[in-house]
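Structure at a glance
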Amino acid sequence: MRPRLPPLNNLKAFEAAARHESFTRAAEELCVTQGAVSQQVKALEQGLGLKLFNRERQRLVITEAGRDYLTVVRDALDRIAVGTERLLQRQNAGVLTVSTSPDFAAKWLVHRLGHFAEAHSGIDLRVSATLHHVDFAREDVDLAVRHGDGNWPGFDTVQLSGERLFAVCSPKLLLGRRRLREPTDILKFPLIHLDSRADWTHWLREAGVDESAVTHGPLLNRASMVIDAAINGQGIALARTTLAAWDLINGRLIRPFPNSLPLSKTYWIVCPKATSNVPKIVTFRNWLLAEAAEDARRLKSALRR
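Residues numbered from 1 in each chain as written. Predicted model: local features only at pLDDT ≥ 70, side-chain atom pairs only at ≥ 80, totals over all residues. Heavy atoms only, no water.

Helix and strand content of the chain: ten helices and twelve strands. In summary, the chain has a C-alpha radius of gyration of 32 Å against a globular reference of 19 Å for 305 residues, an excess of more than 25%. Dimensions of the chain, computed from the C-alpha atoms along their principal axes, are close to 105 × 40 × 25 Å. A fraction of 73% describes how many contacts in the chain between residues 6 or more apart in sequence connect residues 24 or more apart. Of the roughly 17000 Å² of accessible surface on the chain, a fraction of 51% belongs to carbon and sulfur atoms. If you average the places of the 42 positive and of the 33 negative side-chain charges in the chain, the two averages end up 2 Å apart. (Helix = DSSP H or I, 4+ residues; strand = E, 2+ residues; numbered from the N terminus. Rg over C-alpha atoms; globule rule 2.2 N^0.38 Å. Contact = heavy atoms within 4.5 Å. Areas by Shrake-Rupley, 256 points an atom, 1.4 Å probe, with all protein chains shown as cover. Lys, Arg positive; Asp, Glu negative; His and termini not counted. Charge placed at Lys NZ, Arg CZ, Asp CG, Glu CD.)

Tracing the chain through its elements places Arg146 in strand E5 (residues 143–148). Looking at Arg146, its side chain comes within polar contact range of the main-chain oxygen of Val134, at 3.0 Å. Aside from chain neighbours lying at most four places away, what touches Arg146 is His133, Val134, Phe136, Trp152, Thr266, Tyr267, Trp268 and Val270. (Polar contact = N/O pair within 3.5 Å; in protein donor to acceptor, adjacent residues only side chain to side chain.)

This next bit is on the pairing of strand E10 (residues 236–240). Taking burial as the measure, the five residues of E10 include five buried ones, the bulk of the element. By the alternation rule, side chains of E10 split into Ile236, Leu238 and Arg240 and Ala237 and Ala239, which are all buried. Here strand E7 (residues 164–168) runs beside E10; their pairing, made up of four bridges, is antiparallel. Looking at the pairing, Val168 lines up with Ala237 of E10. Of the pairings in the sheet, the one linking strand E8 (residues 191–194) to E10 comprises two bridges and is parallel in character. By the bridge assignment for E10, Ile192 is matched with Ala237. (Buried < 20%, exposed > 50% of the residue type's maximum accessible area, 1.4 Å probe, protein only. Pairing = 2+ DSSP bridges.)

Our focus in this paragraph is the sheet that holds strand E9 (residues 219–220). One open sheet holds the five strands; their spatial order is E9-E8-E10-E7-E11, and the pairing between them is mixed. Two strands bound the open sheet, and with one partner strand each, they are E9 and strand E11 (260–262). In this fold helix H9 (residues 241–249) packs onto E7 and E10, with an angle of close to 115° to the strand it touches most, E10. (Axes fitted to C-alpha atoms, helices over the stretch in contact; angles between N-to-C directions.)

The residue Arg285 is located in helix H10 (residues 279–304) in this model. By relative accessible area, Arg285 is classed as buried at 9%. At a separation of 2.9 Å, a polar atom in the side chain of Arg285 contacts the main-chain carbonyl oxygen of Ser276. Excluding residues that lie within four positions of it along the chain, Arg285 makes contacts with Asp156, Val158, Ile269, Cys271 and Ser276.

Next up on the list: the sheet that holds strand E3 (residues 94–100). Spatial strand order, E4-E3-E5-E12-E6: five strands in an open sheet with mixed pairing. Looking at which strands have only one partner, the edges of the open sheet turn out to be strand E4 (123–129) and strand E6 (155–159). On average, each strand axis in the sheet is tilted by 25° relative to the strand beside it, whichever way the strands run. Sheet topology places E3 next to E4; seven bridges connect them, and they run parallel. Bridge pairing links Leu96 to Leu125 in E4. Helix H5 (residues 102–109) contacts E3, E4, E5 and strand E12 (266–272) of the sheet and is inclined by roughly 115° relative to E3.

Examined against the element boundaries, Leu173 turns out to sit in the loop between E7 and E8. According to the relative accessible area criterion, Leu173 is buried, its value standing at 13%. Each C-alpha atom of the pair Leu173 and Phe189 lies 9.0 Å from the other, and the pair is 16 residues apart in sequence. Contacts of Leu173, omitting those with residues within four sequence positions, involve Phe189, Gly233, Gly235 and Ile236.

Treat this as a map of the structure, not an account of what it does.
As structure tokens, then:
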């Protein structure tokens, strides 16, 4: 069993009084009354069964026992202070492990990591791209960016941004004689599909185009592959706002038509509620949200051109 320890406030009062050789100045430092310091030191002396100070002619004189004990107390308080500072530094800096999907990592996050490193050099960012939803209780992960409806009970969830689904293609695809003047013209080009042909069927139907011809074009199983194929001029793809933003802003993709579909599932920033206010997690979450807001602003400007 651990030996009984004196109250920390009593030890702090003793150390400050010994350092200042004054209850009054110790009280000023600790933001308490002189009487409180005197009582805390008296309680410490009673608990130890030792006299730590002599009161001589309105002077406070530390005893030999008090001097010996001061060495122990000061060392202990210094160790606590150093340990606390190190702990707080780890909360503000150090390793931050983030889990995302491969698509989000490839098309959104990886382009911006340099910006984050420049602004927050004390945080050692580790990115784990995986298809499964991380188990925070079992895996060494601080924060995740998940795609879904945001309904994950027990977790702190913040939506990264709203999303829509729209047609995109490379500007070079339109350099030839074929032009995209109206949605029907899309059928002149290969259509790049993700997982199934359902999204194109839905988009064409909403645009008033006969969707019966939607069976042509390659079928890919990753959204990042679909976008990269469109960038390479292999056809026209449907893309989500978040994943297409970087390439739209930088001119590698264009939106030939304003038609778009709302999406119920978007990207969310997720972490356990117990750690949601850890400073380095707050820093990274705020940075993600700021980047997404800047995307929205720049996309609005890009689509006016």
